[in-house]
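Understanding the architecture of this molecule
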Amino acid sequence: MKLTRKAALVTAAIPALVLITPVGSASAHGYVSSPASRAAQCAAGVLDCGPTGPRYEPQSAEGPKGQTTCSGGTRQDFEVLNDDNKGWKVTNVGSTMTVTWTFTARHATRDYEYFIGNTRVGFVAGNNQQPNNPTSHSINLGGFTGRQKLRAVWNIGDTVNAFYSCIDINIGGGPTNPPTTTTTTPPPTTTTTTTTNQPPVGGTWAPNTAYATGATVTYDGVSYRCRQAHTSLVGWEPPNVAALWERI
Ligand SMILES: [Cu+2]
């Protein structure tokens, strides 16, 4: 009788333990599942990312907000995600792409940010609400082209932390040199007698056209000023490429 009672107590205790263990904080967060982020590729076994870390917890690349890493900078076994030369699978995308997050815990969300290099190409407010799972965002890639690393950041609303997810993409298949915001060539002044690339005044934007810095165009009835000299391409329409065209 005594034995049976003891056994019953032990059995009763087991389900409680089993329930508590998986709810531990280490496994509960989120990552970009589509297109397959670096961590998603680790979890799928596409690449060998080591015996721990993203292999089993693609959702745990966590760290303080404001970092520029893919790993979150907290756990050493996630640093493999920062290796740009690991041979990550690259996804071909257009000038706009859909990014899908999978959450294992739907934390109240401050916002989402998307970066290429130091340029923030996307922002989605979270309003401190719990997100749906999964959650998808359409991100305009800001006129960048070619092989790029999109860094997706999920900023949590009620902790100091964020979750980081890097996605290797090939945008458009156009020229490999993306427009950047680093050039600060001033607009040609009236005293300059340069005859090349004179800003067309008030023309309609067209592809395969050389535009000088300061040139103004209209597109869909809206006026824009050229931020830096370039030759236009389909896909680089003024509303798509903030690095090249400023709305006026
Ligand atoms: Cu979490």
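To keep things clear, this report deals only with the structure shown in the data block. Note that this is a predicted model, so its numbers are computed, not measured.

**Examining empty space enclosed by the protein**
Applying the stated criterion across every chain, the model contains one cavity of 30 Å³ or more. Considered as a void within the structure, the largest cavity measures approximately 30 Å³ in volume. Lining of the largest cavity is provided by Arg38, Ala39, Ala61, Cys70, Leu81, Tyr164, Ser165 and Cys166. Broken down by secondary-structure element, the contributors of at least two residues to the lining of the largest cavity are helix 2 (38-44) and strand 9 (161-171). Broken down by element, the lining of the largest cavity gets its largest block of residues, three residues, from strand 9. Split into classes, the residues belonging to the lining of the largest cavity amount to six nonpolar, one polar and one charged.

**Some words on the sheet that holds strand 15 (residues 245-247)**
Strand order in the open sheet formed by four strands is 10-12-13-15, and the pairing between neighbours is mixed. Every interior strand has two partners, whereas the edge strands, strand 10 (203-204) and strand 15, have only one. Across three bridges, the pairing between strand 13 (residues 222-226) and strand 15 is antiparallel. Across the sheet, the residue bridging to Cys226 is Trp245, located in strand 15.

**So, unusual backbone geometry**
Following Ser34, the chain continues to Pro35 via a peptide bond in cis, the omega torsion being -10°. Residue position: Pro35 is located in the loop between strand 1 (30-34) and helix 2. Each neighbour pair has its own omega, and for Asn133 with Pro134 the value is -5°, a cis peptide bond. Within the secondary structure, Pro134 sits in the loop between strand 6 (119-129) and strand 7 (135-140). Of note, the phi angle at Asn128 is positive, near 55°, even though the residue is not glycine. With respect to the element layout, Asn128 can be found in strand 6.

**Structural notes on the environment of Gly235**
Within the secondary structure layout, Gly235 lies in the loop between strand 14 (230-231) and strand 15. Sequence separation between Gly235 and Gly94 is 141 residues, and the spatial gap between their C-alpha atoms is 8.7 Å.

**Remarks on the environment of Tyr112**
Note that Tyr112 resides in strand 5 (residues 109-116). Take Tyr112: its relative accessible area is 3%, and that puts it in the buried class. The contact partners of Tyr112, leaving out residues within four places of it in the chain, are Trp101, Phe103, Gly122, Phe123, Val124, Pro131, Thr135, His137, Val153 and Trp154.

**With respect to the packing of aromatic side chains**
One pass over the full model with this rule turns up seven aromatic pairs. Centroid distance Trp205 to Tyr219: 5.7 Å. Interplanar angle 85°. Geometry classified as edge-to-face. Separated by 14 residues along the polypeptide, Trp205 in the loop between strand 10 and strand 11 (210-211) and Tyr219 in strand 12 (residues 216-219) bring together distant segments of the chain. Among the aromatic residues, those joined into a ring-pair cluster are Trp101, Phe103, Tyr112, Trp154 and Phe163. Lying over the aromatic face of Tyr56, Arg55 brings its terminal NZ or CZ to 5.2 Å of the ring centre.

Quick notes on the rules
Residue positions within a chain follow its written sequence, with the count starting from 1. Owing to the predicted nature of the model, reporting of local features is limited to residues with pLDDT of at least 70; listing and counting of side-chain atom pairs is limited to 80 or more, with chain, interface and lining totals taken over all residues. With hydrogens and water stripped out, all remaining heavy atoms of the structure feed into the side-chain values. Buriedness for pockets is judged along seven lines, at least five of which must meet protein on both sides within 12 Å for an open set on the 1 Å grid over protein atoms alone, while cavities are sets there where a 1.4 Å probe fits but cannot get out, and lining residues have an atom within 4 Å of a point. Grid points are joined across faces, edges and corners, and a volume is the space filled by probe spheres set on the points. Counting from the N terminus, the helices are the DSSP runs of H or I reaching at least four residues and the strands are the DSSP runs of E reaching at least two. Lys, Arg, Asp and Glu make up the charged group, whereas Ala, Val, Leu, Ile, Met, Phe, Trp, Tyr, Cys and Pro make up the nonpolar group; the residues left over, Gly among them, are polar. At least two bridges found by DSSP between two strands are what make those strands a pair. The classification of residues rests on relative accessible area computed with a 1.4 Å probe and restricted to protein chains. Under 20% of the type maximum is buried, over 50% is exposed, and intermediate values are partly exposed. Contact between two residues is taken to exist if any of their heavy atoms lie within 4.5 Å; hydrogens are not considered. Side-chain rings of Phe, Tyr and Trp, where Trp is taken by its six-membered ring, are said to pair if the distance between their centres is within 6.5 Å; with planes under 30 degrees apart they count as stacked, over 60 as edge-to-face, and otherwise as tilted. In this scheme, Lys NZ or Arg CZ marks a charge over a ring once it lies within 6 Å of the ring centre and within 35 degrees of the ring normal.

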